[in-house]
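# Fold and contact review
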Amino acid sequence: VGKSTVDEEVLDELEEILITADVGVDTTLKVIKRIEERVARDKYLNTSELDVILREEIAGLLEENRSVDQETAFTLPEDKKPYVIMVVGVNGVGKTTTIGKLAHQFKAAGKSVVLGAADTFRAAAVDQLILWAERVDVPVISHGMHADPASVAFDTVKKAVDMHADVVIVDTAGRLHTKVNLMNELSKIKRVMQKFIPDAPHDVMLVLDGSTGQNAFVQAKEFTKATEITSLAITKLDGTAKGGVVIGISDQFKIPVKYIGVGEKVSDLQVFNRKAFVEALFQKK
Amino acid sequence: MFDNLSYKLDRAFKTLKGTGKITEINVASTVKEIRRALIDADVNYKVAKEVTDTIKQEALGRDVLIAVSPGQLLVKITQEELTKLMGGKKEDINLQGDPAVVLISGLQGSGKTTFSGKLAGQLKKQGRQVLLVACDIYRPAAIDQLKVLGEQIGVEVYAEPENKNALEIASRAIAHAKKTGKKTVIVDTAGRLAVDEQMMQEIEALKKALNPSETLFVVDSMTGQDAVNTAKTFDERLDFDGVVLTKLDGDTRGGAAISIRHVVNKPIKFISTGEKMENIDAFHPDRMAQRILGM
Ligand SMILES: Nc1nc2c(ncn2[C@@H]2O[C@H](COP(=O)(O)OP(=O)(O)OP(=O)(O)O)[C@@H](O)[C@H]2O)c(=O)[nH]1
Ligand SMILES: Nc1nc2c(ncn2[C@@H]2O[C@H](COP(=O)(O)OP(=O)(O)OP(=O)(O)O)[C@@H](O)[C@H]2O)c(=O)[nH]1
Ligand SMILES: [K+]
Ligand SMILES: [Mg+2]
Ligand SMILES: [Mg+2]
């Protein structure tokens with residue numbers, strides 16, 4: 001934003017930046033309207049002030065995880081042992097990879113981790129999770145391919161209790177939110193775990209691909225309906241996609257973004273930082 | 001959304017007629033509704049602007065303003081323009097060569113491996129001898145995944161699990177195909193980001209060495225605004241021949257189809273509509289245009 005006062009042209013440029021970051025028309029108009037109101041109030045608003053206000057306005061839409069810093073992000077509530085995380089999302093977004101990275105981080109924080117291979121559907125999904133488990137050196141519970149995912153999840157939680165594990169992370173098969181039976185299956189996986197630990201899963205994490213456009217909205221909506229999503233992870237932010245759709249999602253559904261994926265390596269997971277995220281929206285790559 | 005859009009447009013025109021102020025400027029304001037619909041469908045911001053400029057010219061030329069239902073006519077014009085933009089007619093895959101090599105490329109998780117299997121299965125049904133080649137040497141269990149699919153469709157999968165050189169694997173696979181009389185070789189590759197220089201060099205080298213008759217760019221139909229950047233870079237590096245649009249069994253509008261066609265001008269040759277091996281279809285621009293408009 002190279003001009004000194006906020007005018008139509010500046011706002012147009014702003015619109016383009018937000019839309020091309022996948023923020024979406026509704027959220028973009030919402031942000032612009034707020035900026036216009038500010039401009040109307042403070043007549044002499046210049047563009048550097050605009051930059052500050054803009055970042056504030058957008059950050060304000062983003063729910064942030066309470067444990068923001070890397071230090072405390074992998075500590076767990078003591079009364080929830082094992083802490084059960086169920087990972088869901090549409091096909092190919094990065095669920096299994098994120099689980100591998102998460103397991104690594106929890107382990108590095110001194111926690112014992114157990115993984116559950118409840119994607120028994122996608123070709124070689126179980127092998128993929130087992131390889132991740134080997135890579136980060138944590139146990140994985142698997143009944144092989146084509147087994148009943150709910151019984152894998154149940155067994156994983158049960159074994160984790162026996163093993164006195166701190167964290168359980170259950171992988172699930174990718175599914176489009178439009179497939180009713182598959183969405184019902186998720187509710188079932190959840191219910192089955194509750195037979196063993198009534199308040200499990202403690203975290204239902206929806207993984208969103210950072211390059212996804214407006215469909216991510218519907219994904220958030222439908223997965224929330226089926227499983228009450230409690231956190232978001234945004235992957236593939238190491239490319240040129242900005243993942244801006246998450247701003248509107250977080251605002252509308254009040255779900256905090258917990259992690260971002262920035263690569264395929266085990267260390268490529270970061271705790272979400274909304275300031276950095278908003279900053280990146282305005283960066284040209 | 002179609003009803004929504006044409007309703008919105010009709011309403012906008014009605015208001016205009018009521019005030020007796022039907023002018024070119026007013027058409028511009030209704031065209032704005034179309035632009036918004038396109039952006040909502042994930043058509044790239046700049047592309048949507050250019051497309052709606054064309055639509056506006058067309059609309060003025062066809063006297064939208066005096067039509068009984070100007071909104072509907074405008075939607076119809078939009079639909080026609082989008083169809084034209086996406087290629088008008090359907091285009092086939094090129095399988096010349098002995099063996100004909102098909103190189104599969106795209107971002108992580110877009111659906112390349114699944115599509116490789118589907119294409120192999122389809123060609124096999126057409127009576128061709130096919131070899132699948134596992135050149136993703138990075139993703140955990142990528143080779144196993146392709147092998148499982150190969151088994152499902154009864155197509156041989158060439159892999160060298162210990163080899164970390166995709167070029168070597170692919171070259172030997174082609175020699176193997178020649179030896180065993182396979183007329184088509186489909187090379188599955190690792191997912192990569194356009195900004196990953198090392199990985200882009202790898203696939204560039206693969207293309208150079210294999211001289212494929214068909215290089216396909218596989219893209220997730222849920223992709224947003226970034227589709228243009230990715231498609232442009234992949235095309236600059238690979239000069240691909242066609243696009244595969246995946247995961248259309250969901251409810252995404254798939255505006256990326258327009259963005260990609262607009263920036264690289266390469267035809268979309270296949271669509272993927274599910275996880276099963278038979279979920280592969282030819283691309284129909286007219287249906288896609290309707291989908292993008294929510295019709
Ligand atoms: N560049 C990049 N690639 C990623 C990231 N996260 C995952 N991937 C890649 O995305 C692809 C898909 O990841 P998976 O973890 O298999 O995705 P998934 O959601 O489990 O997929 P399904 O189980 O098939 O639905 C793989 O090639 C991963 O290496 C990320 O943050 N950055
Ligand atoms: N619903 C649906 N799922 C699909 C479709 N095509 C692929 N998938 C799923 O999407 C996920 C990713 O597909 P893959 O074929 O592994 O994608 P890829 O591009 O090879 O992934 P990487 O090798 O990790 O880059 C898997 O869960 C597939 O089953 C499709 O058309 N519809
Ligand atoms: K994707
Ligand atoms: Mg997975
Ligand atoms: Mg693959």
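This next bit is on empty space enclosed by the protein. Residue and element names in this part refer to chain B. All told, the structure shown has one cavity of 30 Å³ or more when counted by the stated rule. Its boundaries defined by the atoms lining it, the largest cavity holds a volume of some 170 Å³. No other element matches the three residues that strand 5 (residues 214-220) contributes to the lining of the largest cavity. Here the residues of the lining of the largest cavity are counted per class, giving seven nonpolar, seven polar and four charged.

Here we take up the packing of aromatic side chains. Enumeration over the complete set of coordinates arrives at eight aromatic pairs over all chains. Judged by centre distance (6.5 Å) and plane angle (55°), the rings of phenylalanine 217 of chain A and phenylalanine 253 of chain A are tilted. A residue pair is termed long-range when its members are at least 10 positions apart, and phenylalanine 217 of chain A in helix 8 (residues 215-227) and phenylalanine 253 of chain A in helix 9 (residues 245-253) qualify at 36 residues. A residue is classified by how much of its surface remains accessible, and phenylalanine 217 of chain A, at 19% relative accessible area, is buried. A ring pair is formed by phenylalanine 115 of chain B and phenylalanine 270 of chain B, whose centres lie 5.4 Å apart and whose planes are at 55°; its orientation type is tilted.

To continue, consider the coordination of the potassium ion (ligand 3). Taken together, the protein ligands of the potassium ion (ligand 3) are Asp209 of chain A (OD) and Asp220 of chain B (OD), with distances of 2.5 to 2.8 Å. Highlighted residues: aspartate 209 of chain A in strand 5 (residues 203-209) and aspartate 220 of chain B in strand 5, drawn from two different chains. For aspartate 209 of chain A, a relative accessible area of 7% translates into the label buried.

With that settled, the discussion passes to the interface of chain B and chain A. Contact with chain B, which involves 32 residues of that partner, is made by 39 residues of chain A. Three residues stand out in chain B for area buried against chain A, namely Tyr45, Met222 and Glu275 of chain B, and they jointly supply 20% of the buried area on that side. On the surface where chain B and chain A come into contact, there are four salt bridges. Between aspartate 26 of chain A and arginine 36 of chain B there is a salt bridge, with the nearest N and O atoms lying 2.5 Å from each other. Across the contact surface, chain B and chain A share 17 residue pairs in polar contact (both at pLDDT 80 or more). Classifying every residue of the side of chain B that touches chain A gives nine nonpolar, 11 polar and 12 charged.

All names here are of chain A. This model, assessed by the stated rule, comprises 37 salt bridges over all chains. The partner of arginine 38 in a salt bridge is glutamate 57, and the shortest N-O contact between them spans 3.6 Å. Remark: glutamate 57 occurs in helix 3 (residues 47-61) and arginine 38 occurs in helix 2 (residues 25-41); sequence separation between them is 19 residues. On the accessibility criterion, glutamate 57 (11% relative accessible area) is buried. Residues arginine 175 and glutamate 185 are paired through a salt bridge, measuring 2.8 Å at the closest nitrogen-oxygen approach. A residue pair is termed long-range when its members are at least 10 positions apart, and arginine 175 in the loop between strand 4 (167-172) and helix 7 (180-196) and glutamate 185 in helix 7 qualify at 10 residues.

All names here are of chain B. The eight strands are arranged 3-2-4-1-5-6-7-8 in an open sheet whose pairing can be described as mixed. Strands at the two margins of the open sheet, each flanked by one partner only, are strand 3 (156-158) and strand 8 (280-282). Taken pair by pair, the neighbouring strands of this sheet meet at an average axis angle of 25°, ignoring direction. Sheet topology places strand 5 next to strand 6 (residues 242-246); five bridges connect them, and they run parallel. Among the inter-strand pairings, aspartate 220 is bridged to a residue of strand 6, identified as threonine 246. Of the strands in this sheet, strand 1 (100-106), strand 2 (130-135), strand 4 (184-189), strand 5, strand 6, strand 7 (268-272) and strand 8 touch helix 5 (residues 112-125), which is tilted by about 170° from strand 4. With respect to the sheet, helix 9 (residues 227-238) is in contact with strand 1 and strand 5, its orientation differing from that of strand 5 by roughly 165°.

Among the nonpolar cores identified, the biggest contains 94 residues, and Ile58, Phe106, Leu115, Ile169, Leu232 and Tyr259 of chain A are the most heavily contacted of them. Apart from the residues within four sequence positions on either side, isoleucine 169 of chain A is in contact with Ile85, Val87, Ile99, Leu102, Ala103, Phe106, Val113, Val114, Leu115 and Gly116 of chain A.

Residues and elements named next belong to chain A. Look at helix 6 (residues 149-162) against helix 7: their axes get within 8 Å of each other, and the N-to-C directions meet at 30°. Our classification of the angle between helix 6 and helix 7 gives roughly parallel. Of the two elements, helix 6 crosses helix 7, and the hand of that crossing is right-handed. Residues Pro149, Ala150, Ala153, Phe154, Val157, Lys158 and Val161 of helix 6 touch helix 7, and the partners they reach there are Glu185, Lys188, Ile189, Val192, Met193, Lys195 and Phe196.

In this model, chain B carries an average pLDDT of 91, and 91% of its residues clear a pLDDT of 70 or more. Reported confidences for the modelled complex are a pTM of 0.96 and an ipTM of 0.96.

Residues and elements named next belong to chain A. Its place among the elements puts lysine 101 in helix 4 (residues 95-108). For the buried lysine 101, which has no salt bridge, the nearest side chain bearing the opposite charge is aspartate 268, at an N-O separation of 5.7 Å. Here the side chain of lysine 101 touches glycine 263 through a polar contact of 2.7 Å, landing on its backbone oxygen. Ignoring anything within four residues of it in the chain, the contact list for lysine 101 reads Trp132, Gly261, Val262, Gly263, Lys265, Val266, Asp268 and Leu269.

Attention now goes to the site of ligand 1. In the vicinity of ligand 1 lie 24 residues, with Lys95, Thr96, Thr97, Arg122 and Glu264 of chain A positioned nearest. With respect to ligand 1, the chains having nearby residues are chains A and B. Separating an oxygen atom of ligand 1 from a side-chain N or O atom of lysine 101 of chain A is a distance of 3.4 Å. The separation between an oxygen atom of ligand 1 and a polar side-chain atom of arginine 139 of chain B is 3.4 Å. Compared with its free state, where it exposes 650 Å², ligand 1 has 96% of that area covered by protein. Tallying contributions element by element places helix 4 of chain A first for the shell around ligand 1, with four residues. Of the residues in the shell around ligand 1, the class split is four nonpolar, 12 polar and eight charged.

The next subject is unusual backbone geometry. Following alanine 200 of chain A, the chain continues to proline 201 of chain A via a peptide bond in cis, the omega torsion being -10°. Relative to the helices and strands, proline 201 of chain A resides in the loop between helix 7 and strand 5. The omega angle of the peptide bond from aspartate 98 of chain B to proline 99 of chain B is -5°, so this bond is cis rather than trans. Unlike most non-glycine residues, asparagine 211 of chain B shows phi in positive territory, near 45°. A positive phi angle, close to 60°, is found at lysine 247 of chain B, a residue other than glycine. Positionally, lysine 247 of chain B belongs in the loop between strand 6 and helix 10 (256-264). By relative accessible area, which is 10% here, lysine 247 of chain B ends up buried.

Definitions and cut-offs
Sequence order sets the numbering: in each chain, residues are counted from 1 along the sequence as written. Both sets of labels track the order of writing: A upward for chains, 1 upward for ligands. At least 70 in pLDDT is required for a residue's local features to be given in this predicted model, at least 80 for side-chain atom pairs to be given and counted, and no such filter applies to totals for whole chains, interfaces and linings, which use all residues. To obtain the side-chain values, all non-hydrogen atoms of the structure were used and water was disregarded. Within this scheme a cavity is a closed region of a 1 Å grid, computed over the protein atoms alone, that accommodates a 1.4 Å probe without allowing it to escape, whereas a pocket is open but has protein on both sides within 12 Å along at least five of seven lines; lining residues each have an atom within 4 Å of a point. Grid points are joined across faces, edges and corners, and a volume is the space filled by probe spheres set on the points. What counts as a helix is a DSSP run of H or I of at least four residues, what counts as a strand is a run of E of at least two, and both are numbered from the N terminus. Lys, Arg, Asp and Glu make up the charged group, whereas Ala, Val, Leu, Ile, Met, Phe, Trp, Tyr, Cys and Pro make up the nonpolar group; the residues left over, Gly among them, are polar. Working definition: a ring pair exists when centres of Phe, Tyr or Trp rings (six-membered ring for Trp) sit within 6.5 Å. Plane angles under 30 degrees give stacked, over 60 give edge-to-face, the rest tilted. For each residue, the accessible area found with a 1.4 Å probe, counting protein chains only, is set against the maximum for its type, and the residue is called buried under 20%, exposed over 50%, and partly exposed in between. In this analysis a donor is any N, O or S atom within 2.8 Å of a metal ion (3.2 Å for sodium, potassium and calcium), and since water is not included, sites may seem incomplete. Should any heavy atoms of two residues lie within 4.5 Å, those residues are considered in contact. Buried area is understood as the total, over both parts, of accessible area removed when two parts are fitted together, assessed with a 1.4 Å probe. By convention in these notes, a salt bridge is any Lys or Arg side-chain nitrogen within 4 Å of a carboxyl oxygen on Asp or Glu. Each polar contact in these results corresponds to two N or O atoms within 3.5 Å; when the atoms are within protein, one needs to be able to donate a hydrogen and the other to accept it, and residues that are neighboring in sequence are counted only if both atoms are side-chain atoms. Here a strand pair is declared whenever DSSP counts at least two bridges between the two strands. The axes used here are C-alpha line fits, helices contributing only the stretch in contact, and every angle between their N-to-C directions lies in the interval 0 to 180 degrees. Put simply, buried Ala, Val, Leu, Ile, Met, Phe, Trp, Tyr and Cys residues joined by side-chain atoms within 4.5 Å make one nonpolar core. By definition in this entry, angles of less than 35 degrees are roughly parallel, angles greater than 145 are roughly antiparallel, angles of 65 to 115 are roughly perpendicular, and the rest are oblique. For any pair of crossing helices, the crossing counts as left-handed if the nearer helix is rotated counterclockwise from the farther one by less than a right angle, and right-handed if it is rotated clockwise. Per-residue confidence from the predictor is reported as pLDDT, a score between 0 and 100. A residue counts as positive if it is Lys or Arg and as negative if it is Asp or Glu; His and the chain ends are not included. For this description, a residue counts as near a given molecule or strand if any of its non-hydrogen atoms is within 4 Å of it. Reported accessibility uses the Shrake-Rupley method at a 1.4 Å probe radius. Residues are deemed covered only where the shown protein chains occlude them.

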